[in-house]
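Spelled out from the first residue to the last, the chains are:
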Amino acid sequence: MNRREFIVLGSTAAVLASGKIALAETWPSKPVTVISAYPPGGTSDIITRLVADMLTAKYGQQFVVENHAGAAGAIAGGRLTRSAADGYTFMISGSAPIAANKVVQKNLAYDPQVDFTPISVIAESPALLSGSPNAPAKSIQELIAYAKANPGKLNIGNPGAGTKGHIAAALIGQIAGVEINHIPYKGSPPLLADLLGGHIDFALDAPSNYLPHIHDNKIHGIAVTSAKRLPELPDVQTVAEQGLDGYEQTLWFGAVGPKDMPADIVNKIYEAIKEWSGTPEATAKLKTLGLTRVASSPEEMSGIMAREIDSIRPLVEAGLVQPT
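Before going into details, it helps to say that this report is about the structure given with it. Everything numeric here is computed off the predicted structure, so don't read it as measured data. (Residues numbered from 1 in each chain as written. Predicted model: local features only at pLDDT ≥ 70, side-chain atom pairs only at ≥ 80, totals over all residues. Heavy atoms only, no water.)

**Let's talk about the overall build of the chain**
For step 1, the next point in the chain: In terms of helices and strands, the chain carries twelve helices and eleven strands.
For step 2, the next point in the chain: Its C-alpha atoms give the chain a radius of gyration of 21 Å, near enough to 20 Å, the size a compact globule of 324 residues would have.
For step 3, the next point in the chain: If you line up the chain on its principal axes, its C-alpha atoms span 80 × 45 × 30 Å.
For step 4, the next point in the chain: In the chain, buried positions account for 53% of the 324 residues.
For step 5, the next point in the chain: Of the roughly 14,000 Å² of accessible surface on the chain, a fraction of 53% belongs to carbon and sulfur atoms.
For step 6, the next point in the chain: Each charge class in the chain was averaged separately, 26 positive and 30 negative side chains, and the resulting centres sit 4 Å apart. (Helix = DSSP H or I, 4+ residues; strand = E, 2+ residues; numbered from the N terminus. Rg over C-alpha atoms; globule rule 2.2 N^0.38 Å. Buried < 20%, exposed > 50% of the residue type's maximum accessible area, 1.4 Å probe, protein only. Areas by Shrake-Rupley, 256 points an atom, 1.4 Å probe, with all protein chains shown as cover. Lys, Arg positive; Asp, Glu negative; His and termini not counted. Charge placed at Lys NZ, Arg CZ, Asp CG, Glu CD.)

Quick look at the structure:
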């Protein structure tokens, strides 16, 4: 490379760098699209709208939520990968499209660890196993007994293949040594509707949508998947308390951008989430949804994604979670 070529390349790099700095300094100068990976009304969508409203108020630009539900979030993930990496599109979702889909979907159009830019894990919660009014079991031990007495007849609904509800149920089946049929739905609202209507006996999902109906005795809580009980359901035991020692599964909700999203914009969104989620108002709202604050950094989120993928891969290899 001669001196003139070196100067030209150096000048080009400087122009590109200055452009990225200017973009970050002026962001957001127009509306921002926030992709919601699930239908309106579910926990993931509620979190998406809370964060979008917070960012709209903070920056004075509209953060517009777009729902792209289906295929356990893979449709939304594909939409994100086709977006420009300019900070004007990002996604908020449960862990399936951000992590699990990598190992539970055969023909996934993207690799979340390559094609996404981690921003922050916003919050987490246990999953909740609920039963319809006429469900044949009201505890984990009754559930196991029913599965053993009725091979192939235990159906547990989840909000989508690869979601934490799916994974958590598969682990129960593995530890207890029973067969479970995993019934995927297109998000939480249709799953809850079928549970309330008695069209399915059991659901394993984020707790927020189910809490009011449990308090009204329309459905009953069977178990939570975390190490400790859910404060909003103090009488519902954990899975571990009901005989499956060491069992613990939590689900999380996070924000990611497309590949190569500018780091300064990523940090702006992360810092806004961190500040907001630590306020008393946000803490109270998250609590009503059965959620606790996480607000991980982008680097921490990258590790969370990797651990989630690594924890699911053995279930797929053992045939307990069938790739779709």
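**Digging into helix H12 (residues 298–317)**
For step 1, the next point in the chain: With 20 residues, H12 extends 29 Å from end C-alpha to end C-alpha; this agrees with the ideal 28 Å at 1.5 Å per step.
For step 2, the next point in the chain: Among the residues of H12, those classed as buried are Pro-298, Met-301, Ile-304, Met-305, Glu-308, Ile-309, Ile-312, Leu-315 and Val-316. One side of H12 holds all its buried residues, which, seen down the axis, span an arc of 130 degrees. More than 90 degrees from the buried face of H12, the exposed residues found are Glu-299, Arg-307 and Glu-317. (Expected span 1.5 Å × (residues − 1). Arc of directions from axis to C-beta.)

**Considerations on helix H10 (residues 263–277)**
For step 1, the next point in the chain: End to end, H10 covers 21 Å across 15 residues, agreeing with the expected 21 Å (1.5 Å per residue, within 8%).
For step 2, the next point in the chain: If you check which residues of H10 are buried, you get Ile-265, Val-266, Ile-269, Tyr-270, Ala-272, Ile-273, Trp-276 and Ser-277. Here the buried residues of H10 occupy an arc of 160 degrees about the axis, which is enough to place them on one side. Along H10, the residues that are exposed and aim more than 90 degrees away from the buried face are Ala-263 and Glu-275.

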